[in-house]
Every structure is written in C-alpha cells, then in structure tokens.
Amino acid sequence: MDALKAAVILFVAAILQLSVLTEYQPFRTGSVVLVALLAVALLRGSVFGAVAGFLTGLMLDTATLGTLGVTSLLLTVAGFWIGRYGETTARDRFHAPYVSVAVVTVLYVVGELLLQFMLGEPAPAALAMHGLPGALLLNLVLTLPVYAVIRRLFPPLELGDRVREVRLLG
Amino acid sequence: MPRNRTVRLAVLGSSVQRAAPSGYPSSRSSAVKRRIVVGLLVLASLVLITVSFRSSALDGLQGTGATVLRPFEIAADRVTRPFADTIGWFRGLADAKSENRKLRAQVAELQSQLILDEGAIQENVQLRKALDYHGPPSVAEFTPVNAAVLANPQNAIDQSVTISAGTSQGIVVGSVVVEPTGGSDGVGALVGTVDRAVSNVARVTLLTDAESAVTATDLTNTGVVGAIRRGSGSSDVLILDRVPKQAVVRRDDTIITAGTLGEGPLRSKFPRGIPIGTVSSQSLSDASLFQNIQVKPLVDFSSLRSVVVLVPPKQP
C-alpha cells in the first residue's frame, strides 16, 4: 500500500514539475520532486527511498528525453542516503526534513554538474551555483507543506520497526 | 545514575543479554539486503547512462515512455492553465496602459513600413525569378509543424524543452524551431533546434544552451555576419560574436539568421531571415579583435508554451 501511495505522489509531483511548475522561473531551480522523494525516504527508509528515487528519476529522464539514468542515479543516492538518515539519527526530529532537503539540494546540484562534466556535456558551474541559493530557499519553503502532506499519508513507523536497524554498542 | 548502567539499559529500560560477537543476524541480513538493493540500483543507473549515452538502443523504449507520459503532461497543463492565465492577466494589468500607447504608435509606424515592404518583396520575387537566383533556404521552403511545449527546462543547467511532436510529424534531428508570436511578419523568432526526436515527442535545444551557435546577420546591414551564442552571464542575453571592428552595428538593430549557403552537409539548416533579437549594447575593446555585441532575444525562453518546428524539405 505504501508503494502505491508513494508511486502516486511521486508521479503527480513529477508531472507537476515537468509541465506546470517549471513554466515559472523560480521552479527551475527548486524541485518539488526532490522534496517529495526526500520526505518519503525519511519516513519509509533507505531501500524504499532508493527504489522510489530510481523509478522517479527514470520517469523524469524518459519524459524529458534526457540521458537515461542520470537523474535516476542522483535520486537513488539521495533517496538512500536520506532514508538511512531517517532510519538512524533523524527519528522524529523536527529539523530532519529541513536539514535533509538543504543538504541534498546542494549535493544534488554538485552531483548533477559532476555527471554532466563527466559525460562531456556543458556544465556551467557558475550558472548552477548562481541558482543554488534560490533553489535552497524554494525547496525549504516547499518542505513544510510537502512534508506535512506526506507525513499524513505515511505515518511514522513503529519504534520496533526502526530500532531493528540500529546496532547496540557497549 | 549508577556508574554501571549500560547503553542498552538506557535505551530499552531493562538489561538485555549481549548477543554473541557473530550475532545480529537480522540487522546483518537487513544491512546486506539494503546494500545489495542500492548497489543494484546504482549499477542499473550506470548501465542506463552508458547505453543511453553511447547508443540509440534505448531510444525506442524511451520514445514509448515519453508518448505514454504525454497525455498526463498535457492534462496537467490544461487543468492548471486557467490559474496561470489569471495570474498572467493580473500581471499584465499593471503595465497595460503604457503598453497600449506604445503599441498604437508602433502600429501606425509599421503600417507605413508595410506598404514599402510589400513593394520591395514583389520586386524581389520578380528579380529572383528573372535571374534564376539560388540563395540560402527561406522559411517558405519549410513545412511548419505546430507543437505544444510539454516540459520546460528542468534546472539552471538544462537548456532544452520537450515538445509534443516527433518523427511521426516529419520532425528530424536538426529541425529549426521558432516561436510563433516572437518575431514580426509572422515568421516567428528563433528558439533553437531539435536535438532528439522520437515518434510523438522531441527535445529542442534552446538558443541559450552553451553548445548552440547560429550564423546571424544584421537586418539593416547584411554585410555584418557573426555567430549568435549564449552569453557568459545571464541566460536572457545572447552575444553576436566574431563581428569585425570595422562593421557598423547600431543599438536596436534587429539580428536575423544569416542562413549561409553551403555545400552538402555544410549547408545551413537555418533559413535566412528568422528574427533572433535586437542589439542591446555594442562596444569595442583593445583586447579583442571583434566587437562586443549583446543581443536581447525576442523570445522569452523562460515561458514557452507552443512552438513551430520548420520541417526541412526532403532531399532528392
């Protein structure tokens, strides 16, 4: 059931991002898909986040006729990493989604630049960095409503489901 | 707190027997499973990048996927269009009066210009016929295909849009794309070229992409020929490069595609006379052999809704 809900949310977010939001200049830098994916990953863990990221990236690359796998790779890593953060240290901390979105927004831009550079495509770092503060701000603003909606749809897992993942020391 | 209290006690509230060093079967298997899944996904992404980047083996699959997604993108656009139009309407109200006054003056000026132009066009056609003149390709030789913009640029680096027409409509890689309302005379203004086309969807690389370059000329002085490319700063300013210092270029001059004549594969794919923009600044510097000419594009690349693809005539 969670998989179906996540698929619907990310599909709607991707369609909105592709055909509606990017018509407005500020949304070219921010990404509602990234915010939605991070919220899902934070609430459902690393494997769920990685799979969701891979499929969402594949859909975005398909729709834009871009190089398949580029967005998938970035979103897989982002989903996995934030999912891991959710499983371990984030728990129910208020700041967790904001920290996740802020860090991943920066790393996503850097990762995208790096991949473009490695593929021999134009990678204007100045342009990407110029848009970074706007992206950061917009994504953080989007985090509040998006995370609230997704948290409602994906209630946090029971404590027992999460502590399975933690290794006790001492 | 007693000194001998363990972490386990603190976490679970009761003492728990320490597992054997080889233990943690559930967490270990879960960790292994997690690593396998993410490893496979990363590997799959890398394989996809390699195959997609190096060959066209996945083009058919990607085309089918894009065609499947197309109705959803169009539906989303149609559902949200009234809201977008309302926002645009309110935004337009702010400068409607001054714009109206300006446009009225422009209409009067253009009407008198039109009479002169029509005479010149007729004369031009007659002279071309008389001389059996073979010049650069003109817009009239191309078949226009109207298409909606499905996806705008997705980020600051991406300078491409996806449109709702593809090879089924005759579009090929390299087809020239114009914006129907951008230029004057119904020609449209230059948007870019098609860099990828599948059955019902195509990707257009915008003129603002770092790899785009078009041979262009000054409408009022066709002796000026240079290359239009993206400026180093903001994406809404282009540069007319490679114009010698002796050439006369004035502010507000209209820059159009030169459509240079070439042979075989070197023949320009751009028809002559597609408006690109107007000169916003022009300067000379001792350090450069060429003029520094900035061009303000006629197209607002940030809000493209529909475009016209000029499908080239089939080569004999």
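Preceding this paragraph is the structure being described.
Read on for a plain summary of the structure. (Residues numbered from 1 in each chain as written. Chains lettered and ligands numbered in written order. Predicted model: local features only at pLDDT ≥ 70, side-chain atom pairs only at ≥ 80, totals over all residues. Heavy atoms only, no water.)

Looking now at the interface of chain B and chain A. On the chain A side, the residues contacting the 54 residues of chain B number 50 residues. Together, the buried faces of chain B and chain A total about 4,800 Å²; carbon and sulfur atoms form 66% of this surface. Counting the surface chain B buries against chain A, the share from its top three residues, B:Arg34, B:Gln154 and B:Ile157, is 15%. In this assembly, chain B and chain A are joined by 0 salt bridges. Where the side of chain B that touches chain A is concerned, the elements lending two or more residues are helix 1 (7–12), helix 2 (25–54), helix 3 (59–94), strand 1 (143–151) and strand 5 (202–206) of chain B. Of the residues forming the side of chain B that touches chain A, the biggest block, 14 residues, is contributed by helix 2 of chain B. Residues that form the side of chain B that touches chain A fall into these classes: 28 nonpolar, 14 polar and 12 charged. (Contact = heavy atoms within 4.5 Å. Buried area = accessible area lost by both parts, 1.4 Å probe. Salt bridge = Lys/Arg side-chain N within 4 Å of Asp/Glu carboxyl O. Helix = DSSP H or I, 4+ residues; strand = E, 2+ residues; numbered from the N terminus. Nonpolar A, V, L, I, M, F, W, Y, C, P; charged D, E, K, R; others polar.)

The subject of this paragraph is the packing of aromatic side chains. Scanning the entire structure with this criterion turns up 4 aromatic pairs over all chains. Ring geometry for A:Phe11 versus B:Phe72: centroids 5.0 Å apart, planes at 90°, classification edge-to-face. Of the two residues, A:Phe11 is situated in helix 1 (residues 2–19) and B:Phe72 in helix 3; the pairing between them involves two chains. By relative accessible area, which is 26% here, A:Phe11 ends up partly exposed. A cation over a ring is seen here: A:Lys5 above A:Phe154, with NZ or CZ 5.4 Å from the ring centre. (Phe/Tyr/Trp six-rings, centres within 6.5 Å; stacked < 30°, edge-to-face > 60°. Buried < 20%, exposed > 50% of the residue type's maximum accessible area, 1.4 Å probe, protein only. Lys NZ or Arg CZ within 6 Å of the ring centre and 35° of its normal.)

Within the largest apolar cluster, 47 residues are counted, with the highest numbers of intra-cluster contacts made by A:Val32, A:Ala36, A:Leu38, A:Ile150 and A:Phe154. Listing elements by their share of this core, those giving two or more residues are helix 1, helix 3 (32–44), helix 4 (46–63), helix 5 (70–90), helix 6 (96–118) and helix 7 (125–153) of chain A together with helix 3 of chain B. The greatest single-element share of this core, amounting to 12 residues, is contributed by helix 3 of chain A. With near-sequence residues (within four places) excluded, A:Val32 lies in contact with A:Ala13, A:Gln17, A:Leu21, A:Leu142 and A:Val146. Among the nonpolar cores identified, the runner-up in size contains 43 residues, and B:Phe142, B:Ala165, B:Val177 and B:Leu190 belong to it. (Core = buried A, V, L, I, M, F, W, Y, C linked by side-chain atoms within 4.5 Å.)

All names here are of chain B. Read around the closed barrel, the 6 strands follow the order 6-7-8-11-10-9; overall the barrel is antiparallel. Strand-to-strand, the axes of this sheet are offset by a mean angle of 45°, without reference to chain direction. Relative to strand 11 (residues 292–297), strand 10 (residues 275–283) runs antiparallel, the two being bridged by 6 bridges. Within the sheet, the bridge partner assigned to Ser-281 lies in strand 11 and is Gln-294. (Pairing = 2+ DSSP bridges. Axes fitted to C-alpha atoms, helices over the stretch in contact; angles between N-to-C directions.)

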